[in-house]
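# Reading the structure
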Amino acid sequence: MKIILLGTTGYHPNDRRHTPCMVLPECGVLLDAGTAMYRVGRYLQTPEIDVFLTHAHVDHVIGLTYLFDVARDHRLNHVRVHALPEYLAAVDRHLFASALFPKKPPFESRVLHGPVALAGDGDLSYFPLDHQGGSVGFRLDWPDRSMAYVTDTTAAADAPYVEKIAGVDLLLHECYYGDDEADWAKQTGHSSTTPVAQVARQAGVGRLVLVHINPRRLEDDPIGLNVARAIFPKTEIGEDLMELEF
Ligand SMILES: [Zn+2]
Ligand SMILES: [Zn+2]
């Protein structure tokens, strides 16, 4: 199974990264709908797609407004957007308020209430995270592989979500800050390097790829990769358009 990281920053895009949108072309799944959504068309393989939103903060939903072009250029028959009811309501009420964006693209809103079946005998489950306004993480399982996407949360090895991601082959986890800004991470409901690596070690995942990197940081190593690898060696920094097999 392949996942492509279309956007690996949070808050706003910069010259290196767009805001979150991850695509699994073989099963038509998108995780989040940030500014990277405009890139998804070149990867689509299915006539229908399912978009799962972690929460309704604008860096994760703004790309829903781009669905007109995505649907038209790639002849999508159907788009389903899955999220908790309060996030779907916020998108309807605010993102598609007539003064902001007067016409809603054609998609069906689906309330998350339990596992969702995925193509290839898989399923997606979700669990709550610690973030201002809330957020959910996703775990995707197939009979022979698994991954989890955890963003917009404070990280801690003893956090309740850690058991939900136990043993996944691939963990995409946010790491907005390096350890030098750990206090900012706590204040803003985000993560810093050491706790993220500790989460990966505690959960016994196969591989950790860091996403939702602070857009103010444009360098190759914005978070202190050696610090993470000292705790969890199989750590990489995600980059836009990175393709991962799991
Ligand atoms: Zn975010
Ligand atoms: Zn957020």
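In what follows, the structure referred to is the one given above.
Below: a short report on this structure. (Residues numbered from 1 in each chain as written. Chains lettered and ligands numbered in written order. Predicted model: local features only at pLDDT ≥ 70, side-chain atom pairs only at ≥ 80, totals over all residues. Heavy atoms only, no water.)

With that settled, the discussion passes to the coordination of the zinc ion (ligand 1). Ideal geometry at a metal gives 109.5 degrees between four tetrahedral donors and either 90 or 180 degrees between six octahedral ones. Coordination of the zinc ion (ligand 1) by the protein comes from Asp59 (OD), His60 (NE2), Asp152 (OD) and His212 (NE2), over a distance range of 2.1 to 2.4 Å. One can describe the donor arrangement at the zinc ion (ligand 1) as irregular, given that its 4 donor atoms subtend angles of 93 to 158° at the metal. The sequence motif formed by the donor residues of the zinc ion (ligand 1) is D-H-x91-D-x59-H. Separating the zinc ion (ligand 1) and the zinc ion (ligand 2) is a distance of 3.7 Å, and Asp152 donates to both of them. Here the residue His60 occupies a position in helix α1 (residues 58-61), and His212 occupies one in the loop between β12 (208-211) and α6 (225-231), the gap between them amounting to 152 residues. Judged by relative accessible area, His60 falls into the buried class, the value being 0%. (Donors = N, O, S within 2.8 Å, 3.2 Å for Na, K, Ca; no water. Tetrahedral: all angles 85-135°; square planar, octahedral: opposite > 155°, others 65-115°. Helix = DSSP H or I, 4+ residues; strand = E, 2+ residues; numbered from the N terminus. Buried < 20%, exposed > 50% of the residue type's maximum accessible area, 1.4 Å probe, protein only.)

Before going further, it helps to spend a moment on the packing of aromatic side chains. On inspection of all chains with the given rule, the structure shows 6 aromatic pairs. On the numbers, 5.9 Å between centres and 65° between planes, the contact of Phe52 with Phe138 is edge-to-face. Within this pair, whereas Phe52 is found in strand β4 (residues 48-52), its partner Phe138 is found in strand β9 (residues 136-142), the two being separated by 86 residues in sequence. There is no split in this pair, since Phe52 and Phe138 are both buried. Look at Phe96 and Phe101: their rings are 5.9 Å apart centre to centre, the planes differ by 70°, and that puts the pair in the edge-to-face class. Put simply, the rings of Phe68, Phe96, Phe101 and Phe107 touch in pairs and so form one group of aromatic residues. (Phe/Tyr/Trp six-rings, centres within 6.5 Å; stacked < 30°, edge-to-face > 60°.)

Take the side chain of Ser191 next. For Ser191, the location among the structural elements is in the loop between α4 (182-188) and α5 (193-203). With residues up to four places along the chain from it excluded, the contact list for Ser191 reads Thr153, Thr154, Ala155, His173, Glu174, Cys175, Tyr176, Tyr177, Ala185 and Val196. (Contact = heavy atoms within 4.5 Å.)

Quick look at the sheet that holds strand β14 (residues 242-245) now. Pairing within the open sheet is mixed, and its 7 strands lie in the order β6-β5-β4-β3-β2-β1-β14. The sheet terminates laterally at β6 (108-111) and β14, the two strands that pair on one side only. Going across the sheet, the axis of each strand differs from the next one's by a mean of 25°, ignoring polarity. (Pairing = 2+ DSSP bridges. Axes fitted to C-alpha atoms, helices over the stretch in contact; angles between N-to-C directions.)

Nonpolar side chains in soluble globular proteins tend to be buried together. Core analysis: the biggest nonpolar cluster contains 55 residues, and Ile3, Leu24, Leu31, Leu64, Met147 and Leu172 have the highest contact counts within it. The residues touching Leu172, leaving out its near neighbours within four places in the chain, are Ile3, Leu5, Met22, Met147, Ala148, Tyr149, Val150, Val209, Val211 and Leu244. With 27 residues, the next largest nonpolar core counts Ala155, Val162, Leu210 and Ala228 among its residues. (Core = buried A, V, L, I, M, F, W, Y, C linked by side-chain atoms within 4.5 Å.)

On to unusual backbone geometry, then. The bulk of non-glycine residues show a negative phi, and the bulk of peptide bonds are trans. Despite not being glycine, Tyr11 shows a phi value in the positive range, around 75°. Among the structural elements, Tyr11 can be located in the loop between β1 (2-7) and β2 (21-24).

Right, let's talk about the coordination of the zinc ion (ligand 2) for a bit. Coordination sphere of the zinc ion (ligand 2), protein contribution only: His55 (NE2), His57 (ND1), His131 (NE2) and Asp152 (OD), at 2.1 to 2.4 Å. Around the zinc ion (ligand 2), the 4 donor atoms are arranged such that angles at the metal cover 91 to 169°; this shape is classified as irregular. Along the chain, the residues donating to the zinc ion (ligand 2) are arranged with the sequence spacing H-x1-H-x73-H-x20-D.

This next bit is on the sheet that holds strand β8 (residues 122-128). Read across the open sheet, the 7 strands follow the order β7-β8-β9-β10-β11-β12-β13; overall the sheet is mixed. A strand with exactly one partner marks an edge of an open sheet, and here the two such strands are β7 (116-118) and β13 (235-237). Across the sheet, the axes of successive neighbouring strands diverge by a mean angle of 20°, strand direction being ignored. Strand direction decides the pairing type here: β7 and β8, joined by 3 bridges, are antiparallel. From the neighbouring strand, Leu118 faces β8, where its bridge partner is Gly122.

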